[in-house]
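# Report on the structure
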Amino acid sequence: MVDYHAANNQSSAGGVQTYMEQENDWDRDLLLDPAWEKQQRKTFTAWCNSHLRKAGTQIENIEEDFRDGLKLMLLLEVISGERLPKPERGKMRVHKINNVNKALDFIASKGVKLVSIGAEEIVDGNAKMTLGMIWTIILRFAIQDISVEETSAKEGLLLWCQRKTAPYKNVNVQNFHISWKDGLAFNALIHRHRPDLIDYDSLRKDDPVTNLNNAFEVAEKHLDIPKMLDAEDIVGTLRPDEKAIMTYVSCFYHAFSGAQKAETAANRICKVLAVNQENEQMMEDYEKLASDLLEWIRRTIPWLENRTQEKTVNDMQAKQEDFRDYRCVHKPPKVQEKCQLEISFNTLQTKLRLSNRPAFMPSEGRMVSDINGAWHTLEGAEKGYEEWILSEIRRLERLEHLAEKFHQKAAIHESWTDGKEAMLTQKDYETSTLSEVKALLRKHEAFESDLAAHQDRVEQIAAIAQELNELDYYDSASVNARCQKICDQWDVLGALTQSRKESLERTEKQLESIDELYLEYAKRAAPFNNWMEGAMEDLQDMFIVHNIEEIQGLITAHEQFKSTLSEANKEREAIQSIQAEVQKIAQSNGIKLSGANPYTTITPESIDSKWEKAMAMVPLRDNALQEELNKQNSNDTLRAKFATQANAVGAYIQDKMEEIGRISIEMNGTLEDQLTNLKEYQTNIMSYMPEINKLEGFHQLIQEALIFDNQYTSYTMEHLRVGWEQLLTTIARTINEVENQILTRDAKGISQEQLYEYRASFNHFDKTLTGGERGTKRDHSGALMAEEFKACLISLGYDVENDKQKRSGQMVSDDFRALLISTGNSLGDSEFARIMGIVDPNGSGAVTFQAFIDFMSTETTDTDTADQVIASFKILAADKNYITAEELRRELPPDQAEYCIARMAPYAGPDAVPGALDYMSFSTALYGESDL
């Protein structure tokens, strides 16, 4: 039979009382059920006799035989191993009551609270109270000490049954009544520990009586567990008595308690191996994700750094569309991958710290810092590429405008120079009269005026060609050739003009007559004609503007031009009146004119024709300017829409960044509540995404309209994109920090009150130290400087000089913290340097809250160690210094058993046998003390 003495002596009175107050909540009225009362009578009687046999006695009737209190006191002495006060041997009622009271007092001294059970009812043979008292004794001395994974006794016993019977078909233990009716669960318990006693495969679910009797008989014969139940009672009852079943099953638990140690050891190893396997999988996932992300960045950066120039604006706009597709479609998933990579890395490092494993060091070039560096390079290339595209579009627009202007001016100039060389090289003055020569001289002077007027156009053509060359125009060769031809021709015309002038001047003295009116006409007609050509050229000139001010400037200039038309028309009429005067004088004097004006080729008809064309161009110019004004007004509306949305989004992002900063410092409630609130907060933030998309839509319209500036807002789309990504990343990191705190709390057993105390102390000292003195202004930076961290440890009562923590279990007030610091309660330099090496391994001089929690949990809680794992393997190996593959496969789940076999080195000790494996070196390698 089972010895309960050791387990009972180890139980604390407070814990027993708490447990019994929970378990004593039994329905006493149910004992009146005849079937249940019968089962309890038999089970409790058998249980009592199993112990009374050790004292050479037994009971027959449970309510009668305990009435005098003698056997009740004897039963308590047997199961507790302690001596009770000497019983009274008298036969009177008072003697019996005194004996029963001594027994009840002993039960109460073990922390058991007896509810409504008095000595008088036991002496009177009250079956209901007697059975309740025996059940209380069973709970205290047979069931209370059962604990599986820190559960209550009943839950622990049920969990033990579930684990032991899990591999067996047709067995599903969910309670202590109907789950046992078919008898298979009892047989499964026996077969699990003693497979040689039960042929489980021969049992049938539809024959419960046979199954129950088989289990009862085997238990009584081979396991020394008395038969406490009747198969017929269990099968014939709709719901067997729970207490009777628990009492009987507890006997199996104690009978097989030796096997429980091996199971506990196996569970510890399984736990350690499961953590190791999970960590290895997370490392592999991190390496793959980091490799894929770096490869994508490596492939993307050369594309962003490509500066191959295009020939047309359309070609560059196609590149801009490809870049927009990259920004909106290809990059966002990679941003998510980068964020997930950082979260996975932080979670892995936290799990490694919590499981007392070495920190994870990714492969060379795959650290989070390497990925951040590559990402920074990518964003730099991205920004440069976008700026280059926009500058190229502006350059190509400018080039197209300049090229059109060049060809227009060149065509006008070439049209003007056509025939000029032939005119300048003719020798007509050699056969002309004096008046004709003088006329030719005046004509030549008019030509010189015309030539001088065209000098500006030639210079403009050369300047435009030079600018096209500087801007790297793709067709610069043809432009240069045409410009060179014009310049060469212009030099020739200049030389010919000078030569003809000298020839005419040599004969000028011989020429006297000249038609002053023709001369005057020519002098006034030439500049007027040139003005009209310039006006027509200006009216046809292309223009590019980028804002309302520029188009309004053009409109103002055009209005000023129109205001001069009346004076120009007067000049035209005056010029035409000169020709009319010539005709009048000729007619009045009977002069027969020889032909056209000898001083100019500009006829009155050509002046009128050009004037009409110029007047027709004015309304066309009005319409073009008005259309451009409408376009710029539309662009300004787009600017205003974008600015309104951008200002709202920018303010929203700024507010949320400040808000999440406050939330991360001032979070209250349990960690689960904080995590739930943060995730709800994250969902709320993500609901703002339509506003971001709306802003992206405005930004796309602005880019399509080639708008390059916006005076209504200081925000740019790039600035807001970066701010939005930073906001999402900050929220994800804050959630990850709380999740890691939950992992730390659960793994290290830190209470919620301790976390509150750590957070309060951390926040209190999260402030700025200035001028060598501790400041009072809190900066909420989320990290403690070295002096702040040192003061925080002192405030928590951490005595580094004695290398241990002294904690009162209560929060330390702000006044007491200040007192500790002011009275010089400083930490030892060497010990504080050791602590800083733990919480700040990179030497940044700052301690994060997660590092602070990891340090405090490591100092105040116990964790699995290599020695504990070695001790567990030693239990599985039956105290041998080695273990075999067969033993591993028998005690551990298949995947973890194979994991150990694959990694354990052969055992080389003097007591080695074939197939022996070295579990000691394997255990130390799990904790980084040697290589696997």
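Just above sits the structure.
Residues numbered from 1 in each chain as written. Predicted model: local features only at pLDDT ≥ 70, side-chain atom pairs only at ≥ 80, totals over all residues. Heavy atoms only, no water.

## Quick look at helix α26 (residues 717-748)
Taking 1.5 Å as the rise per residue, α26 with 32 residues should run 46 Å; its terminal C-alpha atoms sit 46 Å apart, in good agreement. Among the residues trailing α26, Gly 749 stands out with phi positive, at a value near 75°. (Helix = DSSP H or I, 4+ residues; strand = E, 2+ residues; numbered from the N terminus. Expected span 1.5 Å × (residues − 1).)

## Here we look at the pattern of salt bridges
Throughout the structure, instances matching the rule amount to 49 salt bridges. A salt bridge links Glu 382 to Arg 327, with the nearest nitrogen and oxygen atoms 2.7 Å apart. Residue Glu 382 is found in helix α16 (residues 368-417), and its partner Arg 327 is found in helix α15 (residues 313-354); the two are separated by 55 residues along the sequence. For the residue pair Glu 382 and Arg 327, the accessibility class agrees, reading buried in each case. Ionic pairing is found between Arg 482 and Glu 414, a salt bridge with its closest N-O pair at 2.8 Å. Placement of Arg 482 in helix α19 (residues 476-506) and of Glu 414 in helix α16 is noted, with a sequence separation of 68 residues between them. On the basis of relative accessible area, Arg 482 is assigned to the partly exposed category, the value being 22%. The network of salt bridges with shared partners includes Arg 327, Lys 331, Glu 379, Glu 382, Glu 386, Glu 696, Glu 718 and Arg 721. (Salt bridge = Lys/Arg side-chain N within 4 Å of Asp/Glu carboxyl O. Buried < 20%, exposed > 50% of the residue type's maximum accessible area, 1.4 Å probe, protein only.)

## Structural notes on the nonpolar core
Counting 77 residues, the largest nonpolar core has Trp 47, Ile 137, Trp 180, Phe 186 and Phe 252 as the members making the most contacts within it. It is helix α8 (residues 127-143) that contributes the most residues to this core, 11 residues altogether. Not counting residues up to four positions away in its chain, the partners in contact with Phe 186 are Trp 180, Leu 212, Ala 215, Phe 216, Leu 229, Ile 245, Tyr 248, Val 249 and Phe 252. The next biggest cluster of nonpolar side chains, apart from the first, holds 49 residues, and it includes Ile 653, Tyr 681, Ile 692 and Phe 832. (Core = buried A, V, L, I, M, F, W, Y, C linked by side-chain atoms within 4.5 Å. Contact = heavy atoms within 4.5 Å.)

## Notes on the packing of α15 against α26
Where α15 contacts α26, the two axes come as close as 10 Å, and the packing angle between them is 25°. Relative to α26, α15 is oriented roughly parallel. Crossing geometry of α15 relative to α26 is assigned as right-handed. Across from Arg 327, Lys 331, Val 335, Cys 339, Glu 342, Ile 343, Asn 346, Thr 347, Thr 350, Lys 351, Arg 353 and Leu 354 in α15, the residues of α26 making contact are Glu 718, Arg 721, Glu 725, Thr 729, Ala 732, Arg 733, Asn 736, Asn 740, Leu 743, Thr 744, Ala 747 and Lys 748. Residues that form the contact of α15 with α26 fall into these classes: 7 nonpolar, 7 polar and 10 charged. (Axes fitted to C-alpha atoms, helices over the stretch in contact; angles between N-to-C directions. Parallel < 35°, antiparallel > 145°, perpendicular 65-115°, else oblique. Left-handed = near helix turned anticlockwise from the far one by under 90°. Nonpolar A, V, L, I, M, F, W, Y, C, P; charged D, E, K, R; others polar.)

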